[in-house]
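Overview (structure and organization)
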Amino acid sequence: AEAAASSRAAAASEAMESELLALEADFEAMADQAEVMRETIAQANNRLEAQDAQMNEREMQAEVNLQRTSAFWIERLEVARNEAENSRAALVKAQAEAAASSRAAAASEAMESELLALEADFEAMADQAEVMRETIAQANNRLEAQDAQMNEREMQAEVNLQRTSAFWIERLEVARNEAENSRAALVKAQAEAAASS
């Protein structure tokens, strides 16, 4: 009877030792998987940070381009306005002199045409400036929308990282507890086997 009990205890001890080794192997595999997940999430965060930096740089460049474009068109409009004022003053003077000379009348008509052409150019440039402002505003809106999407993705990546970390921490804790329980049961079985023998 003692030999049978000793044999059963030895068999139980070997089974628990095998189970303990399997649990330790599972624990190491899960630890490796958790490390891979952390590295993958870290790489994703690095890519998101790089994209965020690029988006900020593009936004700054768009602002610089807006300032340069505005300055350019303001200068062009000011030049056109000055030319129109000069032409109008010259036209007034030519009209005053036109009463004494038919040649002055012809010159007045020519200057009137030039004034109309300048005013048309001025209006065309004003329209172009408005189109440029609207185009830049739309570009800024798109950049802001992309920035908002990037921030949302970064927040979602952080949430996923927290959830994944919590999941693997829980799994590792369960595996650790199972390994500890198996180890304790193995020690108990070995002690019982020793007492039986």
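Description of the structure in this document. (Residues numbered from 1 in each chain as written. Predicted model: local features only at pLDDT ≥ 70, side-chain atom pairs only at ≥ 80, totals over all residues. Heavy atoms only, no water.)

1. Some thoughts on the overall build of the chain
Across its full length, the chain holds 2 helices and 0 strands. Here the chain, with 197 residues, has 22% of them falling under the buried criterion. Within the chain, residue pairs in contact and separated by at least 24 positions form 86% of the contacts whose partners lie at least 6 positions apart. For the chain, the computed accessible surface area is about 13,700 Å², with 54% contributed by carbon and sulfur atoms. (Helix = DSSP H or I, 4+ residues; strand = E, 2+ residues; numbered from the N terminus. Buried < 20%, exposed > 50% of the residue type's maximum accessible area, 1.4 Å probe, protein only. Contact = heavy atoms within 4.5 Å. Areas by Shrake-Rupley, 256 points an atom, 1.4 Å probe, with all protein chains shown as cover.)

2. What to know about the packing of aromatic side chains
Counted under the stated rule, the structure contains 1 aromatic pair. Taking the centre distance of 5.2 Å and the plane angle of 80° together, the rings of phenylalanine 167 and tryptophan 168 count as edge-to-face. Accessibility expressed as a relative area gives 13% for tryptophan 168, which makes it buried. (Phe/Tyr/Trp six-rings, centres within 6.5 Å; stacked < 30°, edge-to-face > 60°.)

3. Some points on the pattern of salt bridges
Opposite charge on two side chains lets them pair, provided their charged atoms get close. A complete count under the given rule lists 3 salt bridges for this structure. When the shortest N-O distance is used, the salt bridge between glutamate 78 and arginine 81 registers 2.9 Å. Of this pair, glutamate 78 and arginine 81 both sit in helix H1 (residues 2-98), 3 residues apart, which is roughly one turn of the helix. Here arginine 133 ties to glutamate 130 by a salt bridge, and the two come within 2.8 Å at their closest N and O atoms. Remark: glutamate 130 and arginine 133 occur in helix H2 (residues 102-196); sequence separation between them is 3 residues, near one turn of the helix. For arginine 133, a relative accessible area of 44% corresponds to the partly exposed category. Residue glutamate 130 is classed as partly exposed on the basis of its relative accessible area of 36%. (Salt bridge = Lys/Arg side-chain N within 4 Å of Asp/Glu carboxyl O.)

4. Quick notes on the side chain of threonine 164
Along the chain, threonine 164 falls in helix H2. With residues up to four places along the chain from it excluded, the contact list for threonine 164 reads Met37 and Ile41.

5. Some points on the environment of leucine 172
Summarising the element assignment, leucine 172 is placed in helix H2. Residue classification places leucine 172 among the buried positions, given a relative accessible area of 16%. Put simply, leucine 172 and alanine 34 are 138 residues apart on the chain and 9.1 Å apart in space, counted from C-alpha to C-alpha. Beyond its immediate stretch of four places on either side in the chain, leucine 172 contacts Phe27, Met30 and Ala31.

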